[in-house]
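Report on the structure
Residues per chain, in single letters:
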Number of protein chains: 2
Amino acid sequence: MTVMNISESPDIRQAFSNFPSGVAAICAVVDGVPKGLAASSFTVGVSLEPPLVSVAVQNSSTTWPFLKRAERIGVSILGTGQEATCRQLASKNPDKFDEISYTSTDGGAIIIPGCSLWLDCSLFAEYPAGDHVVALLEVHSADVHLHESPIIFHNSKFKTLDLVRSN
Amino acid sequence: MTVMNISESPDIRQAFSNFPSGVAAICAVVDGVPKGLAASSFTVGVSLEPPLVSVAVQNSSTTWPFLKRAERIGVSILGTGQEATCRQLASKNPDKFDEISYTSTDGGAIIIPGCSLWLDCSLFAEYPAGDHVVALLEVHSADVHLHESPIIFHNSKFKTLDLVRSN
């Protein structure tokens, strides 16, 4: 074992990067303007009744204060080939949507075409979590695209999925 | 679009299964007995200062009341080849650890050998989340095993990672 003592190390990011995660584009039109962020600290199945997903957002986010006001928030789980969209949404560019094509619902939830799973959500609860908040989003409808394979972020690289053959 | 109206459908589990996730074995020795559960509603990077991860646990879990009392809780991100361990920990078998080899720390955190990432944690906060609770765990140390590829649970199947070649 080569245990890394977190309290003495700046490398918690490196340790965390070894956990594989899907990438969620969390986006809505707010006051007529598209707003969005890319989150890898996202998970589904937080509750089934009501259906809830969760996302951790930095306290310093300048986008979240807009998103949390939206009537509906779209969650697009990005698919293979959407690496550029992920980088764009994770950037500090004030015009993040300049090169991203999207559609939106009447409630303002943004859909990124080509995603592997899309969820139409609203804010359910928000809890403090250190330098982030954990937001619970209630899912009102879902759109599953089985032909679009989700992209995985792991060790700071984008990866795809392969079925375990021995399973 | 073939939107699934969640309020009219029992298929939220099916929609959620389309989100890819790593599998966390959350285990500790409590009162001398190993206790553990497998969680796919787990995520890292919930906070960096302090370092926090989160897991959603069913309110009906009979294991969580034990784990939450542990001084330290081990989180093993399962690697390729540990599918049986995942199934065993997810089962209702009262002797889940009968066929699982493990070691534990002085604080009681359980380590599953062969995992791709291991975190030594303690309970930081617990929040209500519908039919689950969201538990935040503070990370005290980490052990990264770069040679062990994490297993991914997606569409009810175990999968492995492939690097995106075009990236």
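So, a few notes on the structure that sits alongside this text.

1. Description of the overall build of chain A
Across its full length, chain A carries 3 helices and 13 strands. Relative to the 2.2 N^0.38 estimate, which gives 15 Å for 167 residues, the radius of gyration of chain A is 16 Å and therefore close to what a compact globule would have. Dimensions of chain A along its principal axes, counting C-alpha atoms only, are 55 × 40 × 35 Å. Looking at chain A as a whole, 57% of its 167 residues qualify as buried.

2. Concerning the packing of aromatic side chains
Tallying each qualifying case throughout the model produces 7 aromatic pairs over all chains. On the numbers, 5.2 Å between centres and 70° between planes, the contact of A:Phe42 with B:Phe19 is edge-to-face. In this pair, A:Phe42 is assigned in strand E5 (residues 42–48) and B:Phe19 in the loop between helix H1 (12–17) and strand E2 (21–22), connecting two distinct chains. Their ring planes at 10° and their centres at 4.3 Å tell us that A:Tyr127 and B:Tyr127 sit as a pair that is stacked. Within this pair, whereas A:Tyr127 is found in strand E10 (residues 117–129), its partner B:Tyr127 is found in strand E10 (residues 117–129), the two belonging to separate chains.

3. Considering the nonpolar core
Within soluble globular proteins, side chains that are nonpolar tend to cluster in buried spots. In this structure, B:Ile26, B:Phe42, B:Val53, B:Val75 and B:Leu119 are the most contacted members of the largest nonpolar core, which totals 31 residues. Excluding residues within four positions of it along the chain, B:Leu119 makes contact with B:Phe42, B:Val53, B:Ile73, B:Gly74, B:Val75, B:Val139, B:Ser141 and B:Ala142. Listed in part, the 30 residues of the second largest apolar core include A:Ala39, A:Val44, A:Val133 and A:Val139.

4. Description of the relation of the copies chain B and chain A
Between chain B and chain A, which share one sequence, the superposing operator has a rotation angle of 180° and an axial displacement of 0.0 Å; the RMSD is 0.0 Å. What the superposition gives is, in effect, a two-fold axis relating one chain to the other. Residue B:Leu161, judged by its C-alpha, is the member of chain B lying nearest the rotation axis, at 2.5 Å. Mapped onto chain A, 100% of the interface residues of chain B again fall at the interface, so both copies present the same surface.

5. Side note on the interface of chain B and chain A
Contact with chain B, which involves 67 residues of that partner, is made by 67 residues of chain A. Overall, the association of chain B and chain A removes approximately 5900 Å² of surface from exposure, summing both partners, and the carbon and sulfur fraction of that is 66%. Together, B:Phe16, B:Phe19 and B:Leu48 form the three largest contributors to the area buried by chain B at its contact with chain A, with a combined 12%. Counting across the interface, chain B meets chain A through 0 salt bridges. Joining chain B to chain A, the criterion identifies 18 residue pairs in polar contact (both at pLDDT 80 or more).

6. Let's talk about the pairing of strand E3 (residues 24–30) of chain A
A regular strand places its side chains on the two faces of the sheet in alternate fashion. Residue and element names in this part refer to chain A. Burial within E3 is extensive, with 6 of its 7 residues counted as buried. Where E3 folds back on strand E4 (residues 33–39), the antiparallel hairpin that results is connected by 2 residues, among which Asp-31 adopts a positive phi of roughly 50°. Here E3 runs beside strand E7 (residues 73–77); their pairing, made up of 4 bridges, is antiparallel. Within the sheet, the bridge partner assigned to Cys-27 lies in E7 and is Gly-74.

7. A word on the pairing of E5(A)
All names here are of chain A. Where burial is concerned, most of E5 is hidden: 6 out of the 7 residues are buried. Sheet topology places E5 next to strand E6 (residues 51–58); 4 bridges connect them, and they run antiparallel. Considered in E6, the bridge of Ser-47 is made with Leu-52. Two successive antiparallel strands, E5 and E6, enclose a turn made up of 2 residues.

8. What to know about helix H3 (residues 83–90) of chain A
Three or more residues of H3(A) are buried, namely A:Glu83, A:Thr85, A:Cys86, A:Gln88 and A:Leu89. In this fold, the buried residues of H3(A) make contact with E3, E4 and strand E13 (157–163) of chain A.

9. Section: the pattern of salt bridges
Residues and elements named next belong to chain A. Under the defined criterion, the tally for this structure stands at 6 salt bridges over all chains. Asp-31 is paired through a salt bridge with Arg-69; the nearest N and O atoms lie 2.9 Å apart. One end of the pair, Asp-31, is in the loop between E3 and E4; the other, Arg-69, is in the loop between helix H2 (64–67) and E7, with 38 residues separating them in the sequence. The pair Asp-31 / Arg-69 is uniform in exposure class, with both members exposed.

Definitions and cut-offs
Residues numbered from 1 in each chain as written. Chains lettered and ligands numbered in written order. Predicted model: local features only at pLDDT ≥ 70, side-chain atom pairs only at ≥ 80, totals over all residues. Heavy atoms only, no water. Helix = DSSP H or I, 4+ residues; strand = E, 2+ residues; numbered from the N terminus. Rg over C-alpha atoms; globule rule 2.2 N^0.38 Å. Buried < 20%, exposed > 50% of the residue type's maximum accessible area, 1.4 Å probe, protein only. Phe/Tyr/Trp six-rings, centres within 6.5 Å; stacked < 30°, edge-to-face > 60°. Core = buried A, V, L, I, M, F, W, Y, C linked by side-chain atoms within 4.5 Å. Contact = heavy atoms within 4.5 Å. Least-squares fit on C-alpha atoms with pLDDT ≥ 70 in both. Buried area = accessible area lost by both parts, 1.4 Å probe. Salt bridge = Lys/Arg side-chain N within 4 Å of Asp/Glu carboxyl O. Polar contact = N/O pair within 3.5 Å; in protein donor to acceptor, adjacent residues only side chain to side chain. Pairing = 2+ DSSP bridges.

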